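# Commentary on secondary and tertiary structure
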Amino acid sequence: MALESIHEPADLRTLSYPELDELAGEIRDFVVQAVAETGGHLGSNLGAVELTLALHRVFESPRDAVLWDTGHQAYIHKILTGRQGRFDQLRQANGLSGYPSREESQHDFIENSHASTVLSYAYGLAAARDAGTSGDRRHVVAVIGDGSMTGGMAYEALNNLGHSQRRVIVVLNDNGRSYAPTISNLTASTMPMPTQLPEADRIEPHTLPERIADRLSHTLTNIRLNPVYVRRQRKIEHFLRELPVVGPQAEKGMEAFKAAVREFLQPPSFFEALGVRYVGPIDGHNIEELEHALANAIELSAEGPICVHVVTQKGRGYSPAEDDDEKHLHDTPVFDAAVGPPKALPSGYTQAFADAIVKEAEADLRIVAITAAMPGPTGLIPFEQRFPDRFFDVGIAEQHAVTGAAGMAMGGLRPVVALYSTFLNRAWDQVVYDVALHRLPVIFCLDRAGITGDDGPSHHGVYDMALLAKVPGMRVLAPSSAQELGVMLHDAISLANDGPVTIRYARGSAHQVGEHEVGNGLLARRIRQGDGSVCLLAIGKMVAAAEKAAEELASEGRNVTVFDVRCCAPLDPAMILEASRHQFVVTIEDGIRDGGIGMTIADQVHAINASVPVEVLGIPTKFIPQAKAERILATLGLDATGVAATIRARTDIAR
Ligand SMILES: Cc1ncc(C[n+]2csc(CCOP(=O)(O)OP(=O)(O)O)c2C)c(N)n1
């Protein structure tokens, strides 16, 4: 086993190319086994094996900074930098992080796991190196996927890198995919052929070299079929023909002109126009070729930033991943390595959303759906299949998704923007000023709201409620069951006549309830009438914990009133009034406690009756490490046991 003898990157440098190929195979087996045990990111890592080996042989980490965009593809980097023995604890509480982690290793720099940031970090690290404040750092290397290249920050940084001529090596790891195929003309390696082509021409090339050779011609085909290009070309041809005397001559120059336009729209010209040199495409599974290209890039980077375009195959070497059309096993829960995971199907609230949006869209032709490169995880695939013309994947571009939705709403459509709660943070400014200020009918459906678990601090969706509830005119709804989500989406379509609406819901299973156990519109729903001592106001997923706590307390003779808050902004005044008539009020939410909904409830209750104590339960203001979501919530006292204990402690004092 060669893998066992690799403890640090230097151990790689003595290996021959055949030995490296063998090692690559061992690494793939190791990663499949590890992810099968714990769940995690698989396809992206299987595709980056040779690239990571080459990077760690050519560069000397951590003296050279090797940076990973998003960081979900850094498992091989972790294995090669001394963390192989900890993979049985991948993504577990107190175990190995699923992303680079500064606490874990001096080889790790960025741990935010939100996409498209790496070029900005690289720019900054290069500036610090050039200022002489980074010891003996030589090179700054930024690895970015073609998916992450679709995010606005990546373009901002590229522009700045090119203009400043900072010495940075960008490695574009192009596997043609985000989760789904990447929405970009900069990638064409696995892009489906344009539907306009005859059937026979639509066959995907099979081998990697074939795909590399094909990528540029695919891009050209797309450009030629692009209606804007075609229209412009016709206009120019017409204009040239009409020119007196020089017309025919000019027309002859047309071929050269067309070639120039094509060249302009290809990846090399794109990067070079910004001032970033380009080499590629390189076969990302050929270590020798990769090393050669990286070594050249080091030399060329003396003159300024350079992009090495590497084409890889997502899921390479594990057939269940290679064959997974939806996402090449981008990520997966625990599975049996011998057979691969079952097909990923939405569940819980995601499934409820998937069903509800199709149902609403059947009835209302204005409804369109927008995703920022996550059609599967947000439950939009059934919608995409049913209404392909009303489905928009805009790339990993949350800001653009939100302002794009604003434009669609302005034009008479009723857009539903489906994002993870944590990624909406990116588009805060757009939500406030592009959508809300214009009172536009945009509906935000935020999945993975609250504590999400295994992905750690950057993936918990804890800010959405507190922030969105402060946006003038925004209605914020939180369903406590699958059925309630359906009701809320239905109501949101008409509520949006007065401006934006947000529906936010948790990851994982959803409560299933009968058709009468739901509320409506902007009203709260009383679940349990107590004896006037304690009023418990719960939001979203926390309603289940509140109900269970109330049952426990009832068995001890404490009869608590329970409300499902449902609408976090505006709060239902009837609920506030009733709460203020109790001796003690408790609120519970899985969003940030400081400045959250509970504090607003306390404020409003006190405006009616200043003497009622209000206990606000929520997420503390700190970065919460990875662990199972239920365990985190229990530790924070945000489960039935915790809520019951709080109420007992407070009411015992009062007794
Ligand atoms: C701002 C943001 N939006 C969405 C995501 C979710 N996400 C994680 S990885 C990924 C796809 C990344 O594609 P690419 O960069 O090409 O890497 P690959 O997995 O294909 O190697 C997405 C959409 C994210 N991490 N950050």
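A quick note: this is a predicted structure, and the numbers were derived from the prediction, not measured.

Rules used throughout
Every chain begins its residue count from 1, and numbering advances along the sequence as written. In view of the model being predicted, local features appear only for residues whose pLDDT reaches at least 70, and side-chain atom pairs are presented and counted only at 80 or more, with totals across whole chains, interfaces and linings using the full set of residues. Every helix listed is a DSSP run of H or I at least four residues long, and every strand listed is a run of E at least two residues long, numbered separately from the N terminus. With C-beta atoms placed from the backbone, a residue counts as buried when 20 or more other C-beta atoms lie within 10 Å of its own, as exposed when 12 or fewer do, and as partly exposed for counts between those limits. C-beta atoms are first placed from the backbone for all residues, and any pair lying within 7 Å is then listed as a contact. Strand pairing is assigned whenever DSSP detects at least two bridges linking the two strands. Under this scheme, a helix contributes an axis fitted over its contacting stretch, all axes are lines through C-alpha atoms, and angles between N-to-C directions fall in the 0 to 180 degree range. When buried Ala, Val, Leu, Ile, Met, Phe, Trp, Tyr and Cys residues are joined through C-beta atoms within 7 Å, the set is termed a nonpolar core. Any residue whose backbone-placed C-beta atom lies within 6 Å of a molecule or strand is treated as near that molecule or strand. Residue ranges for the domains originate in an automatic or database domain assignment. Note on terminology: angles under 35 degrees are roughly parallel, angles over 145 are roughly antiparallel, angles of 65 to 115 are roughly perpendicular, and the others are oblique. By the definition used in this description, the sense in which the near helix is turned from the far one sets the handedness, with an anticlockwise turn below a right angle giving left-handed and a clockwise turn giving right-handed. Each residue gets one label: Ala, Val, Leu, Ile, Met, Phe, Trp, Tyr, Cys and Pro are nonpolar, Asp, Glu, Lys and Arg are charged, and the others, such as Gly, are polar. The span you would expect from a helix comes to 1.5 Å times its residue count less one. Starting at the helix axis, one direction is taken to each C-beta atom, and the arc is that of these directions. Every residue carries a pLDDT, the predictor's confidence in it, which falls somewhere between 0 and 100. The handedness of a crossover follows from its direction of travel: if, with the strands pointing away from the viewer, the path from the first strand over the helix to the second runs clockwise, the crossover is right-handed.

We now examine the overall build of the chain. Tallying secondary structure elements over the chain gives 25 helices and 19 strands in all. Put simply, the chain has 655 residues, and 50% of those count as buried. A separation of at least 24 residues holds for 77% of the contacts in the chain among residues at least 6 apart in sequence.

It is worth spelling out the sheet that holds strand 14 (residues 525-528) at this point. Within the open sheet, the five strands sit side by side as 14-16-15-18-19. Their pairing is mixed. Both edges of this open sheet fall to strand 14 and strand 19 (614-619), since each of them pairs with a single strand only. Neighbouring strand axes in the sheet, compared pairwise and without regard to direction, differ in orientation by 20 degrees on average. Two elements, strand 18 (residues 584-592) and strand 19, share five bridges in a ladder whose sense is parallel.

Turning next to the nonpolar core. Counting residues in hydrophobic clusters, the biggest one holds 110 residues, and the most contacted among them are Val417, Leu485, Leu536, Leu537, Ala538, Ala546 and Ile588. Every residue in contact with Ala538, bar those within four places of it in the chain, is listed here: Val543, Ala545, Ala546, Val562, Asp564, Val565 and Ile588. Within the second largest apolar cluster, 74 residues are counted, among which are Val32, Leu42, Leu96 and Ile306.

Take the site of the ligand next. Not every one of the 26 residues close to the ligand is listed here, only the nearest: Ser44, Ala115, Gly145, Gly147 and Ser148. Two domains each provide a minimum of three residues to the shell around the ligand, namely domain 1 (3-181 + 267-332) and domain 2 (348-506).

Hydrogen bonds along the backbone pair up the strands of a sheet, which may run parallel or antiparallel. Taken in spatial order, the seven strands line up as 9-8-10-11-13-12-17 in an open sheet, and their pairing is mixed. Bordering the open sheet on either side are strand 9 (391-393) and strand 17 (567-569), each of which pairs with just one other strand. When strand polarity is set aside, the average angle formed by the axes of neighbouring strands in this sheet is 20 degrees. Bridge count for strand 12 (residues 475-477) against strand 17 is two bridges, and the pairing is antiparallel. By the bridge assignment for strand 17, Val476 is matched with Ala569. Across the face of the sheet, helix 16 (residues 398-410) comes into contact with strand 8 (367-371) and strand 10 (414-420) while running at roughly 165 degrees to strand 10.

This part covers the packing of helix 3 (residues 49-58) against helix 12 (residues 287-300). A pair of packed helices is captured by two measures, namely the crossing angle of their axes and the spacing between those axes. Viewed as axis vectors pointing N to C, helix 3 and helix 12 meet at an angle of 45 degrees, and their least axial separation amounts to 9 Å. If you check the angle between helix 3 and helix 12, you find them oblique. As for how helix 3 packs across helix 12, the hand of that crossing is right-handed. When helix 3 is examined against helix 12, the residues Glu50, Leu51, Leu53, Ala54, Leu55, Arg57 and Val58 are found in contact with a partner set consisting of Ile287, Leu290, Glu291, Leu294 and Ala295. Per-class residue counts for the contact of helix 3 with helix 12 are nine nonpolar, no polar and three charged.

Here Val49 is to be found in helix 3. For the pair Val49 and Val31, spaced 18 residues apart in the sequence, the C-alpha separation amounts to 10.0 Å. Residues contacting Val49, with those up to four places away along its chain left out, are Ala24, Ile27, Arg28 and Ile76.

Over its twelve residues, helix 23 (residues 597-608) extends 17 Å from the first C-alpha to the last, a length consistent with the 16 Å expected when each residue adds 1.5 Å. Turning to helix 23, its buried residues number three or more, namely Ile597, Gly598, Thr600, Ile601 and Val605. Down the axis of helix 23, the buried side of the element spans an arc of 160 degrees, and every buried residue falls inside it. Turned more than 90 degrees away from the buried face of helix 23, the exposed residues are Asp603 and Ala607.

With that settled, the discussion passes to the confidence of the model for the chain. As a general rule, the predicted coordinates of low-pLDDT regions are not to be interpreted in detail. Of the residues in the chain, 87% reach a pLDDT of 70 or more, and the chain-wide mean stands at 91. Overall, residues 189-198 carries pLDDT values under 50, and its contacts beyond four positions in sequence, including any with other chains, amount to 23 contacts. Counted against residues more than four places away or in other chains, residues 216-230, with its pLDDT under 50, gives 17 contacts.

Looking now at the packing of helix 14 (residues 348-363) against helix 20 (residues 482-495). Closest axis-to-axis distance for the helix 14/helix 20 pair is 9 Å, and the angle between their directions is 35 degrees. Pair helix 14 / helix 20 crosses with right-handed handedness. Across the interface between the two elements, Tyr349, Ala352, Phe353, Ala356, Ile357 and Glu360 of helix 14 pack against Ala482, Leu485, Gly486, Leu489, His490 and Ile493 of helix 20.

Once that is clear, we can look at the pairing of strand 18. Along any regular strand the residues' side chains alternate between the sheet's two faces. Most of strand 18 is tucked away: eight of the nine residues are buried. Both strand 15 (residues 534-538) and strand 18 contribute to a ladder of five bridges, which runs parallel. Directly across from Leu537, in strand 18, lies its bridge partner Thr587. Considered for its hand, the β-α-β crossover made up of strand 18, helix 23 and strand 19 is right-handed.

With that out of the way, let us pick up unusual backbone geometry. Looking along the chain, the bond that leaves Ser61 and enters Pro62 is cis, with omega of 5 degrees. Along the chain, the position of Pro62 falls in the loop between helix 3 and strand 2 (65-68). The amide bond that connects Gly280 to the next residue, Pro281, takes the cis arrangement and shows omega of 0 degrees. Positive phi, normally seen in glycine, also occurs at Thr70, with a value near 70 degrees.

With that settled, consider the environment of Arg650. With respect to the helices, strands and loops of the structure, Arg650 is situated in helix 25 (residues 640-654). C-alpha separation for the pair Arg650 and Pro613, spaced 37 residues apart in sequence, amounts to 9.6 Å. With sequence-adjacent residues up to four places away left out, Arg650 is seen in contact with Phe584 and Glu615.

Quick look at the environment of Glu398 now. Along the chain, Glu398 falls in helix 16. Once the C-alpha coordinates of Glu398 and Gly151 are considered, the two residues, 247 residues apart in sequence, prove to be 7.9 Å apart. Apart from the residues within four sequence positions on either side, Glu398 is in contact with Ala372, Leu419, Phe423, Leu424, Arg426 and Ala427.

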